[in-house]
Amino acid sequence: NDVGGGRWYGWDGAHDNLWAQSLRPLVDPREMGDSVAQVAAAIRGHDDLRERYAAVFGRAPPGDDETVAIDIAKALAAYQEVLVSGRTPFDEFRDALARGDRDAAARYPVAAQRGLKIFVGAGNCTFCHTGPRLSNGEFHDVGIAFFVAPGRVDPGRYDGIRKLQASRYNLLGPFNDDPVRATATSTRHVALEHRNFGEFKVPSLRNVAKTAPYMHNGSLATLRDVVRHYSNLDEDR
């Protein structure tokens, strides 16, 4: 949920738009393993899908496979953008504080209030988990090992930036619907730095209790494990 309006997509931020991120699992050999040509052929060869495509895009699927595949990815992105998480007890508490309604605020569990005090105070969790998504949408090294096998590492954001800059599907490329590329400012100015090695995207905490396991590699099984990890983190390592 809540993926619409993001700046970077994927743990490494290899995509700067939701439609490119939506195309990735279709063609990634580790997931669906199709090719752009196979995606396009599936649309052209299915009567219902071909008609639905024409209804949405105002034309029959063209002969260019890449254009058809990107259109499908943009349709997927449009759907995902409407998946918005519902209101939570925290939202009610926040709004009650904003309007000065002490009675409504008091209905928020005392234990949760203690946790929130740590979250915005001594824990400094809001350094990364801030804003309406409870994420700054950027990348940090949070002390999770990035070795994935002996002698092999996951470079995280470092490799993500390289993939982003090389992609035909970034917002500077030919498939951006904005002709002046005003939406591509971040992509135009993102710079590869050594510190990006081993950085991973800060996830949203919306619905976080439902998204175990945690961290980019799923190495922490529970939220208790996550809290323990940060409590023992050596920030000067």
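It should be noted that the structure appears before, not after, this text.
Residues numbered from 1 in each chain as written. Predicted model: local features only at pLDDT ≥ 70, side-chain atom pairs only at ≥ 80, totals over all residues. Heavy atoms only, no water.

Looking now at the overall build of the protein chain. If you tally the helices and strands in the protein chain, you get ten helices and four strands. When its C-alpha atoms are laid out on the principal axes, the protein chain stretches across 60 × 50 × 35 Å. Burial analysis of the protein chain (237 residues in total) assigns 33% to the buried set. Excluding contacts between residues fewer than 6 apart, the proportion of contacts in the protein chain whose partners are at least 24 apart in sequence is 60%. Summed over its atoms, the accessible surface of the protein chain is roughly 14,500 Å², and 56% of this surface lies on carbon and sulfur atoms. Here the protein chain holds 30 positive side-chain charges and 31 negative ones, and the gap between their average locations is 4 Å. (Helix = DSSP H or I, 4+ residues; strand = E, 2+ residues; numbered from the N terminus. Buried < 20%, exposed > 50% of the residue type's maximum accessible area, 1.4 Å probe, protein only. Contact = heavy atoms within 4.5 Å. Areas by Shrake-Rupley, 256 points an atom, 1.4 Å probe, with all protein chains shown as cover. Lys, Arg positive; Asp, Glu negative; His and termini not counted. Charge placed at Lys NZ, Arg CZ, Asp CG, Glu CD.)

Along the polypeptide, Asn 17 turns up in the segment before α1 (18–27). Put simply, Asn 17 and Ala 112 are 95 residues apart on the chain and 35 Å apart in space, counted from C-alpha to C-alpha. Side chain to side chain, Asn 17 and Asp 16 meet in a polar contact 2.8 Å long. (Polar contact = N/O pair within 3.5 Å; in protein donor to acceptor, adjacent residues only side chain to side chain.)

Time to look at the side chain of Asn 176. By secondary structure assignment, the location of Asn 176 is in the loop between α8 (157–166) and α9 (185–189). Residue Asn 176 is classed as buried on the basis of its relative accessible area, which comes to 11%. At 3.0 Å, the side chain of Asn 176 forms a polar contact with the backbone nitrogen of Asp 178. With sequence-adjacent residues up to four places away left out, Asn 176 is seen in contact with Trp 19, Leu 171, Arg 181 and Thr 183.

Formed by 20 residues in total, the largest nonpolar core has its most connected members in Trp 19, Leu 23, Ile 70 and Tyr 169. Within the residue set of this core, elements represented by two or more residues are α1, α2 (36–44) and α4 (65–80). With six residues, the top contributor of residues to this core is α4. Val 208, Met 215, Leu 220 and Val 226 belong to the second largest nonpolar core, which has six residues in total. (Core = buried A, V, L, I, M, F, W, Y, C linked by side-chain atoms within 4.5 Å.)

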